[in-house]
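# Structure assessment
If you want the building blocks of each chain, they are given just below.
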Amino acid sequence: QVQLVESGGGSVRPGESLGLSCVVLGSTFTFKSLGWYRQAPGRQRELVATITYSGSIQYGDFVKGRFTISGDNAKNSGYLQMNSLKPEDTAVYYCTADILTDDDYVHGRIDESTIIWGQGTQVTVSS
């Protein structure tokens, strides 16, 4: 019953920006962590950025200050701001989250986790 839904993908020109969002649908207490991954045709899925509940952030080496990840536990959502997009950023972007469900929280299973993935949103950067 818990799922992630991404939105915000589209087609842009090099140098332009896009903002991607993902929302957790269903019953969940909070994010333990949120991540964005991407996969281009013929390539393996790679890490774009991750953020923990405490605010620890990691970015892929290719970002070089262009992307910003954020999370909003109150809204059960995450966001990825992508600036100065390049053609090589073209890929399907997936949001993933490690969540603590309401059921686990109520029963004191605070060390438990449920990892969920969205269906992906296409980002195309071309002139």
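Before reading further, recall that the structure is shown in the block above.
Residues numbered from 1 in each chain as written. Predicted model: local features only at pLDDT ≥ 70, side-chain atom pairs only at ≥ 80, totals over all residues. Heavy atoms only, no water.

Among the surface-exposed residues, F29, Y105, V106 and I110 lie close enough to one another that they form a single nonpolar patch of about 420 Å² accessible area. Judged by relative accessible area, F29 falls into the partly exposed class, the value being 38%. (Patch = residues over 30% accessible without salt bridge, like charges linked within 9 Å, V, L, I, M, F, W, Y side chains within 5 Å. Areas by Shrake-Rupley, 256 points an atom, 1.4 Å probe, with all protein chains shown as cover. Salt bridge = Lys/Arg side-chain N within 4 Å of Asp/Glu carboxyl O. Buried < 20%, exposed > 50% of the residue type's maximum accessible area, 1.4 Å probe, protein only.)

With that settled, consider unusual backbone geometry. The phi angle at N76 is positive, at roughly 50 degrees, despite the residue not being glycine. Owing to a relative accessible area of 17%, N76 belongs among the buried residues under this scheme. At S84, a residue that is not glycine, the phi angle is positive and equals roughly 50 degrees. You can see S84 is positioned in the loop between β8 (77-82) and β9 (91-100). Its relative accessible area of 39% is what places S84 among the partly exposed residues. (Helix = DSSP H or I, 4+ residues; strand = E, 2+ residues; numbered from the N terminus.)

All right, on to the environment of D61 then. Following the sequence through the fold, D61 ends up in the loop between β6 (57-59) and β7 (67-72). A relative accessible area of 73% means that D61 is categorised as exposed. Put simply, D61 and L47 are 14 residues apart on the chain and 9.1 Å apart in space, counted from C-alpha to C-alpha.

What follows deals with the pattern of salt bridges. In total, this model carries six salt bridges according to the counting rule given. D89 is paired through a salt bridge with R66; the nearest N and O atoms lie 2.7 Å apart. Of this pair, D89 sits in the loop between β8 and β9 while R66 sits in the loop between β6 and β7, and the two are 23 residues apart along the sequence. For the pair formed by D89 and R66, the shared burial category is buried. The partner of R109 in a salt bridge is D104, and the shortest N-O contact between them spans 3.0 Å. R109 gets classed as partly exposed once you look at its relative accessible area, which sits at 34%. What you see here is one network of salt bridges that share partners, running through R38, R43, E46, R66 and D89.

The next point concerns the packing of aromatic side chains. The full count for this structure, using the stated rule, is one aromatic pair. Ring geometry for Y37 and W117: centres 5.3 Å apart, planes at 50 degrees, overall tilted. With a gap of 80 residues between them, Y37 in strand β4 (residues 30-39) and W117 in strand β10 (residues 114-117) connect regions that are remote in the sequence. Directly above the ring of F62 sits R38, whose terminal nitrogen or CZ lies 3.7 Å from the centroid. One Lys or Arg, R45, reaches over the ring of Y94 and ends 4.1 Å from the middle of that ring. (Phe/Tyr/Trp six-rings, centres within 6.5 Å; stacked < 30°, edge-to-face > 60°. Lys NZ or Arg CZ within 6 Å of the ring centre and 35° of its normal.)

So, on to the state of the cysteines. The final tally for this structure, using the stated rule, is one disulfide. Covalently, C22 is tied to C95 through a disulfide, its sulfur atoms 2.2 Å apart. Here C22 is found in strand β3 (residues 18-25), whereas its partner C95 is found in strand β9, with 73 residues between them in sequence. The class of C95 is buried, set by a relative accessible area of 0%. (Disulfide = S-S within 2.5 Å.)

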